[in-house]
Amino acid sequence: MAVSGGTTIGTARRWAMLAASTLAQGAASVMIHGPAFLIPALHDQVGLSLPEAGVVAAAPTVGVMLTLVLWGLVVDRRGERFVLLTGLGATALVGALATLADSTVLLTLALLLAGAAAASTGSASGRVVVGWFPPERRGLAMGVRQMAQPVGVGIAAVSIAVVAERHGIAAALWVPAVAAALAALVVAAVVVDPPRPDPRAERAANPYRTDSYLARIHGVSILLVVPQFLVWTFAFTWLVQERDWSAAAAGGLVAGAQVLGALGRIAAGWLSDVAGARMRPLRWVAVAAGVSMGLLGVAAGLDAAVAVPLAVIATVITVADNGLAFTAVAERSGPSWSGRALGVQNTAQYLTASAVPPVAGAVVATWGYAVAFGAAALLPLLAAPLVPVAEERELA
């Protein structure tokens with residue numbers, strides 16, 4: 001393959017860039033998912049209903065969904081470093097402006113723009129990992145990078161929720177703004193664009209016209225993201241409202257579950273390297289996610305004590321698929337198309353995820369948490385047979 005630049009790096013620099021990419025994605029995750037932990041404060045301090053608070057919490061996700069493919073196109077044209085620095089800088093700036101919002105409408109708009117800026121890290125940080133790590137280490141490396149999302153949610157759980165409860169919503173919004181600014185500084189110091197095809201070489205074929213492999217992964221990921229975002233968004237509120245936990249205790253449990261979920265993503269990536277495949281482990285995760293959510297729904301309906309550990313287990317399992325699907329999309333689409341393909345992958349997920357808080361909030365308000373958890377169990381079970389195991393190629 002013809003490449004431009006011919007840049008070479010050592011092992012230490014490769015892992016440093018993985019760390020920087022993980023930090024960038026983690027900071028974006030705090031901004032995108034952190035507002036979910038404002039739901040109790042929006043309900044108690046502002047007087048919003050659960051569905052209304054869910055709409056505010058979903059605003060960053062909508063912003064992400066609207067801009068992911070555009071950011072992917074910029075990555076394909078301008079490179080990973082440029083996109084990371086531009087996006088993280090904008091995230092920090094808009095996040096700071098969100099602290100000044102004096103109405104629900106302005107807050108929602110600011111969070112939407114912050115999510116749009118934070119979307120930059122999706123394709124760019126993933127491309128840094130895929131570009132600098134060989135296939136036999138790529139699953140593990142991407143698992144490390146993908147741990148940023150649950151870790152970011154965990155950080156948001158122990159910081160944003162508590163700060164909002166004690167000091168107000170505006171003070172809590174400084175958490176993601178500062179995180180994005182710090183991540184931008186680290187990226188500036190560490191990240192180098194990986195080699196890419198020479199723009200003068202023959203243009204690569206559109207991978208979506210070759211077969212249905214990428215489209216099926218996108219479809220499976222859409223089904224699997226619903227239980228993931230349901231648990232992320234409402235486990236905290238469920239513990240506070242239904243089980244009378246304090247915000248600090250509930251945030252601590254959610255954060256601990258997210259750390260375990262991060263380790264689960266690393267384990268899933270390592271397993272895919274050992275298995276020499278991404279799709280078989282993805283199918284295993286889909287089945288496990290369906291079973292765990294079903295058990296959580298039953299336990300929550302019975303108000304059983306085991307519901308709390310089941311919520312932790314469901315949190316761990318429902319996040320394990322992301323790195324596998326993300327890596328498979330990048331590998332199949334190639335360096336000329338992976339920015340856009342990863343943008344499509346994440347857009348499909350976030351389009352679905354943006355509907356989860358308001359829709360699930362309405363389901364919870366009408367039928368309760370047990371029904372919401374149990375209904376979400378059906379989607380991973382539908383996804384399992386759709387995973388394109390037979391169409392996967394040898395890792396390269």
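This text follows the structure it describes.
Read on for an overview of the structure. (Residues numbered from 1 in each chain as written. Predicted model: local features only at pLDDT ≥ 70, side-chain atom pairs only at ≥ 80, totals over all residues. Heavy atoms only, no water.)

1. Regarding the overall build of the chain
Per the secondary structure count, the chain includes 18 helices and zero strands. In terms of overall size, the chain behaves like a compact globule, its C-alpha atoms giving a radius of gyration of 20 Å where 396 residues would be expected to give roughly 21 Å. Dimensions along the principal axes, computed over C-alpha positions, put the chain at roughly 60 × 45 × 35 Å. A fraction of 86% describes how many contacts in the chain between residues 6 or more apart in sequence connect residues 24 or more apart. About 15,000 Å² of surface is accessible on the chain, with carbon and sulfur atoms providing 67% of the total. (Helix = DSSP H or I, 4+ residues; strand = E, 2+ residues; numbered from the N terminus. Rg over C-alpha atoms; globule rule 2.2 N^0.38 Å. Contact = heavy atoms within 4.5 Å. Areas by Shrake-Rupley, 256 points an atom, 1.4 Å probe, with all protein chains shown as cover.)

2. Digging into the environment of Arg 393
Residue position: Arg 393 is located in the segment after helix 18 (378-383). Between the alpha carbons of Arg 393 and Leu 342 there is a distance of 18 Å; along the sequence they are 51 residues apart. Those residues within four positions of Arg 393 in sequence are excluded, and the remaining contacts are Thr 210, Asp 211 and Arg 332.

3. Some details on the packing of helix 3 (residues 50-78) against helix 16 (residues 338-367)
Closest axis-to-axis distance for the helix 3/helix 16 pair is 8 Å, and the angle between their directions is 175°. By the angle between their axes, helix 3 is roughly antiparallel relative to helix 16. Its residues assigned to classes, the contact of helix 3 with helix 16 comprises 16 nonpolar, ten polar and two charged. (Axes fitted to C-alpha atoms, helices over the stretch in contact; angles between N-to-C directions. Parallel < 35°, antiparallel > 145°, perpendicular 65-115°, else oblique. Nonpolar A, V, L, I, M, F, W, Y, C, P; charged D, E, K, R; others polar.)

4. Here we look at the layout of surface pockets
Space inside the second largest pocket adds up to approximately 230 Å³. Taken together, 14 residues form the lining of the second largest pocket, with Val 130, Gly 131, Pro 195, Gly 334 and Pro 335 sitting closest to its centre. Listed by contribution, the elements that provide at least two residues to the lining of the second largest pocket are helix 6 (120-132) and helix 15 (321-333). Split by residue class, the lining of the second largest pocket holds six nonpolar, three polar and five charged. (1 Å grid on protein atoms, 1.4 Å probe; cavity = no way out; pocket = protein on both sides within 12 Å on 5 of 7 lines; lining within 4 Å. Points joined across faces, edges and corners; volume = space filled by probe spheres on them.)

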